Amino acid sequence: IGEIQRFIRDDGTIKVSRSLKEIGNKVRRKKEELTKIYGRNPTIHEIADQLQLSVEDILQAEEAMRSPQSIHETIFE
Amino acid sequence: MNNEMNITFKSISANEAFARISVAAFVSSLDPTLEEINEIKTVVSEAVTNAIIHGYEENPHQTIAITCTLSEDNLTVIIEDFGLGINNIDLAKQPLYTSKPELERSGMGFTIMENFMDKVEIHSVPDEGTKVTMVKEFKKSKTLCN
Amino acid sequence: MNNEMNITFKSISANEAFARISVAAFVSSLDPTLEEINEIKTVVSEAVTNAIIHGYEENPHQTIAITCTLSEDNLTVIIEDFGLGINNIDLAKQPLYTSKPELERSGMGFTIMENFMDKVEIHSVPDEGTKVTMVKEFKKSKTLCN
Ligand SMILES: Nc1ncnc2c1ncn2[C@@H]1O[C@H](COP(=O)(O)OP(=O)(O)O)[C@@H](O)[C@H]1O
Ligand SMILES: Nc1ncnc2c1ncn2[C@@H]1O[C@H](COP(=O)(O)OP(=O)(O)O)[C@@H](O)[C@H]1O
Ligand SMILES: [Mg+2]
Ligand SMILES: [Mg+2]
């Protein structure tokens, strides 16, 4: 469906939590960049558009960043 | 551990993502593979889209209900609308059959559900609504690791 | 576009993530910022944890209900349990107050809710349950851009 799934297909399933974290990091960086440009916090759609991700991908990556016991973290461990 | 949830929401296409993500989040306590999660998300999307487009003909003021039950190693998802219903279920299930070719529907919704899930049951009464019950079994070996 | 959803689920701590993700997914149609999403997730987690730990004292066979309503620029979330209730709401709302210091609770749940949301109302009847109603307003300027 989204970038995350493609990423996983390319890289093999073992790296799922790392790839989610990497996407999470990209999201954080883009958020900071857009905050400077817009002079306000960017919305979730604005970040998704810029990174060519779906809003669903962003939600999933944010949840993975949230806690080490996150559901996504444990999927393949 | 047995677990259960219900969600109800309005027949708005924006809620398709909400339904799909909610069911995926609920199932994740069974520690599914990403493939299983994607299969479940896909069938939820198909059934919710059917409820919106066929059951309610895109009237956004109606309600869709989902019930999920988890037991040790399987998930039951029930997706229900209270709309137009299906006249001929055998016909509706046929691959490529769609009653709305003008909307460029693929006619593959039920086929996808039957492929991704271990059991699919359709109960429908014209003018009362449609209830799709799906079961997916998860591999024991994996869930035992928790 | 007005929108509404309800979820009910068992009082199992694994469902805290399900509740948090479901509400976040529902709200994302308002196009919130990441900050707003994380604030909403945090308050849902706090209220659901309270229902599990205080309302039901970790009995996993009870039910928690969440209702979310979206209007143009605000979200109302109602989180409800049918458990023990709160005797003294003013005391319960005080920062650092906890009735369960033995569980290493921080006593900051209600304070966090009041900080992250624009309105928090607690309705509770001993032995009947607790209903927390929270409203968050989203900035118009932003939603108008879409
Ligand atoms: N919830 C529903 N309510 C009424 N009719 C439905 C519903 N779900 C499916 N149908 C009928 O079954 C047909 C086949 O569904 P499906 O396989 O998903 O194909 P498609 O949605 O592409 O038409 C639909 O075209 C419609 O006539
Ligand atoms: N759903 C609830 N049912 C019963 N009591 C509750 C509920 N929510 C909160 N309380 C009471 O309010 C107190 C303060 O809650 P909170 O600020 O979240 O702190 P904490 O959960 O860390 O104790 C709790 O210790 C408990 O006594
Ligand atoms: Mg279909
Ligand atoms: Mg608390």
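Our subject in this report is the structure included herewith. Since we're looking at a predicted model, the values are computed, not measured.

1. Examining the interface of chain B and chain C
So, point 1. Across the contact, 20 residues belong to chain B and 20 residues belong to chain C.
So, point 2. Interface of chain B and chain C: buried area, both sides summed, is about 1,500 Å²; carbon and sulfur atoms make up 64% of it.
So, point 3. In this assembly, chain B and chain C are joined by zero salt bridges.
So, point 4. Applying the counting criterion to the chain B and chain C interface returns seven residue pairs in polar contact (both at pLDDT 80 or more).
So, point 5. Within the residue set of the side of chain B that touches chain C, elements represented by two or more residues are β1 (3-10) and α1 (15-27) of chain B.
So, point 6. Broken down by element, the residue count for the side of chain B that touches chain C peaks at eight residues, all from β1(B).
So, point 7. Looking at the side of chain B that touches chain C, its residues break down into eleven nonpolar, seven polar and two charged.

2. Some points on the relation of the copies chain B and chain C
So, point 1. Screw-axis analysis of chain B against chain C gives a translation of 0.0 Å along the axis, an RMSD of 0.0 Å, and a rotation angle of 180°. Here the two chains are linked by the operation of a two-fold rotation axis.

3. Thoughts on the packing of helix α4 (residues 55-66) of chain A against helix α2 (residues 34-55) of chain C
So, point 1. For the pair α4(A) and α2(C), interaxial distance at closest approach is 12 Å and the crossing angle is 55°. Relative to α2(C), α4(A) is oriented oblique. In the packing of α4(A) onto α2(C), the handedness of the crossing is right-handed. On α2(C), the residues that touch A:Ile58, A:Leu59, A:Glu62, A:Glu63 and A:Arg66 of α4(A) are C:Leu34, C:Ile37, C:Asn38, C:Lys41, C:Thr42 and C:Ser45.

Scoring rules and cut-offs
Residues numbered from 1 in each chain as written. Chains lettered and ligands numbered in written order. Predicted model: local features only at pLDDT ≥ 70, side-chain atom pairs only at ≥ 80, totals over all residues. Heavy atoms only, no water. Contact = heavy atoms within 4.5 Å. Buried area = accessible area lost by both parts, 1.4 Å probe. Salt bridge = Lys/Arg side-chain N within 4 Å of Asp/Glu carboxyl O. Polar contact = N/O pair within 3.5 Å; in protein donor to acceptor, adjacent residues only side chain to side chain. Helix = DSSP H or I, 4+ residues; strand = E, 2+ residues; numbered from the N terminus. Nonpolar A, V, L, I, M, F, W, Y, C, P; charged D, E, K, R; others polar. Least-squares fit on C-alpha atoms with pLDDT ≥ 70 in both. Axes fitted to C-alpha atoms, helices over the stretch in contact; angles between N-to-C directions. Parallel < 35°, antiparallel > 145°, perpendicular 65-115°, else oblique. Left-handed = near helix turned anticlockwise from the far one by under 90°.

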